[in-house]
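Below are the chains, spelled out letter by letter.
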Amino acid sequence: MDPQNTIICRCEDLTLAEVEEVIAEGYTTIEEIKRICRLGMGPCRGSTCLQLIDIILARKKGCGREDIKMPTNRPPLEGIKMGELAGDVGEK
Amino acid sequence: MSVKNKADVVIIGGGVVGLAVAYNLARLGIKDVVLLERAYLGSGATSRCGAGIRQQWGTEMNCALARNSMDIFENMNEMLETKRDIELKQKGYLLLAFSDREMEQFRKNLKVQSKFDIPSREVTPREAKDIVPHLNLEGIVGGAFCPTDGHVNPFLVTEAYANAARRLGVDIYTYTEALDVEVSGDSITGVRTDQGLIKTDRVVNAAGGYSQQIGEMVGLDLPVKSERHEILVTEKVAPLQGPMVMSFSYNIYCQQTPEGPFLMGYGDPEEPESYNINSSWHFLEEMTRKATSLLPPLKHIRVIRQWAGLYNITPDRQPIIAESREVPGFFMAIGFSGHGFMIAPMTGVLLAEMIAGEEPSLEIKLDPERFERGDLILEPSVV
């Protein structure tokens, strides 16, 4: 598996190599990693990358997946159009 | 991990303000600077802010701090030898007036701004529409525009100051909490942390939304209060809006960041004093109603995340950047009232000069005693 060609976060187009570089700089929590390289901040809200980053961090730290703290899960649960939230029902 | 047992200066708070102070202290040759952060760097208000940088203020102090900070942001990549570009975007801030009274206030503000060479100007509704073509002009009587205002990435500015400070020898301890400031007589003797005691006679309170709690540690009742402010971000879309659009009548701000998402916030006038940073549904409704009314094409864009942070507010909505008179050696960079990120660069310079006993590069009078004297000039332009 070539780290340069392995995509971890599709929304932000981040490769495994890029994520590993950020970790090597000393960012070892998901909260910090996402702020530096935007991992998990796209429209899918981390549905793939958050299932991978904890494995990557657990391997680096030599701990279990369950020891890696997930970032704060922020609402809404999925993307909602601003018009719908504003009450424009039926308008496309 | 245990902390050093003594330091020349201990900074409490690893947000952009604390880090800017740390970097500047080290730059001025102060040795043994320690910075304490109870979570990770920028985990408080810095990472939660709207990422806007604005010079269009209504008081001389805010204008001076913002104008000088802009110079620093413009040169930050070189000055701090940043690893990552700080994503400065200068597409301006467009402020909208919905009444003649509001427009009069803008004109007063523009006069103050011109004293500081801030290149802001009055605009007609038509000119506002030229600047932001998707603007709904209904009710708008005029506005003000400053083309050099804009955006920088708060996470990367935080990183830039932290890395530059570390290179100059500052010890930054994350996940390390200041539990108490020890005082003997009227002088500071040390800071007790959850990782041990650090002896010091100088402490900087840069604790943002929690600054009053640090004040209590030295027996001060600081004239600041904290209040939740909420914010949301949308999916990325193609470039649509250059400037930040802001209205004090709507109490909102809305910008498109260089990466493509829109970032917007609304200041609820009913928001009580608290440390609450939970998100609310009420905010989503209010925010989207106001934003889609003012900027109609936004209704097709999806909100993907919302969060909140704390404003640390003073009675005149200008910060406190001073040494305490009651507790010598207790320095404060607090009470930024929602605009700490954008004036952090100059705050760092000025407070470090004050601590190092150097000639200040800018005359400021932002002591807490002004609230007792009652000579307040209220900053009118806060959302």
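What you are looking at is a predicted structure, and each value in this text was computed from that prediction instead of being measured. (Residues numbered from 1 in each chain as written. Chains lettered and ligands numbered in written order. Predicted model: local features only at pLDDT ≥ 70, side-chain atom pairs only at ≥ 80, totals over all residues.)

If you had to explain the interface of chain A and chain B to someone new, which residues and values would you point to?
Counting residues at the interface gives 19 residues for chain A, matched by 23 residues for chain B. Elements with a contribution of two residues or more to the side of chain A that touches chain B: α2 (30-37), β3 (80-81) and α4 (82-85) of chain A. Here the side of chain A that touches chain B gets four residues from one element, more than from any other, and that element is α2 of chain A. Inspection of the sheet shows β3 of chain A paired to strand β17 (residues 302-313) of chain B by two bridges, in the antiparallel sense. Bridge pairing links Lys81 of chain A to Arg302 of chain B in β17 of chain B. (Contact = placed C-beta atoms within 7 Å. Helix = DSSP H or I, 4+ residues; strand = E, 2+ residues; numbered from the N terminus. Pairing = 2+ DSSP bridges.)

A description of helix α6 (residues 154-167) of chain B should follow, citing residues and the corresponding values.
Taking 1.5 Å as the rise per residue, α6 of chain B with 14 residues should run 20 Å; its terminal C-alpha atoms sit 20 Å apart, in good agreement. Taken across its 14 residues, α6 of chain B has twelve buried, putting it largely inside the fold. Those residues of α6 of chain B lying buried are Pro154, Phe155, Leu156, Val157, Thr158, Glu159, Ala160, Tyr161, Ala162, Asn163, Ala164 and Ala165 of chain B. Buried-residue contacts for α6 of chain B involve α2 of chain A together with α1 (16-27), α2 (45-48), α3 (60-79), β8 (171-173) and α9 (340-356) of chain B. At the C-terminal side of α6 of chain B, Gly169 of chain B shows a positive phi close to 100°. (Expected span 1.5 Å × (residues − 1). Buried ≥ 20, exposed ≤ 12 C-beta atoms within 10 Å, placed from the backbone.)

Describe the packing of α3 of chain B against α9 of chain B, naming the residues involved and giving the relevant values.
All names here are of chain B. Orientation of α3 relative to α9, taken along the N-to-C sense of each, is 85°, at an axis distance of 7 Å. When the interaxial angle is binned, α3 and α9 end up roughly perpendicular. Side by side, α3 and α9 meet where Leu65, Ala66, Asn68, Ser69, Ile72 and Phe73 of the first sit next to Met342, Ile343, Ala344, Pro345, Met346 and Thr347 of the second. (Axes fitted to C-alpha atoms, helices over the stretch in contact; angles between N-to-C directions. Parallel < 35°, antiparallel > 145°, perpendicular 65-115°, else oblique.)

Bear in mind that shape data such as this cannot, by itself, settle questions of function.
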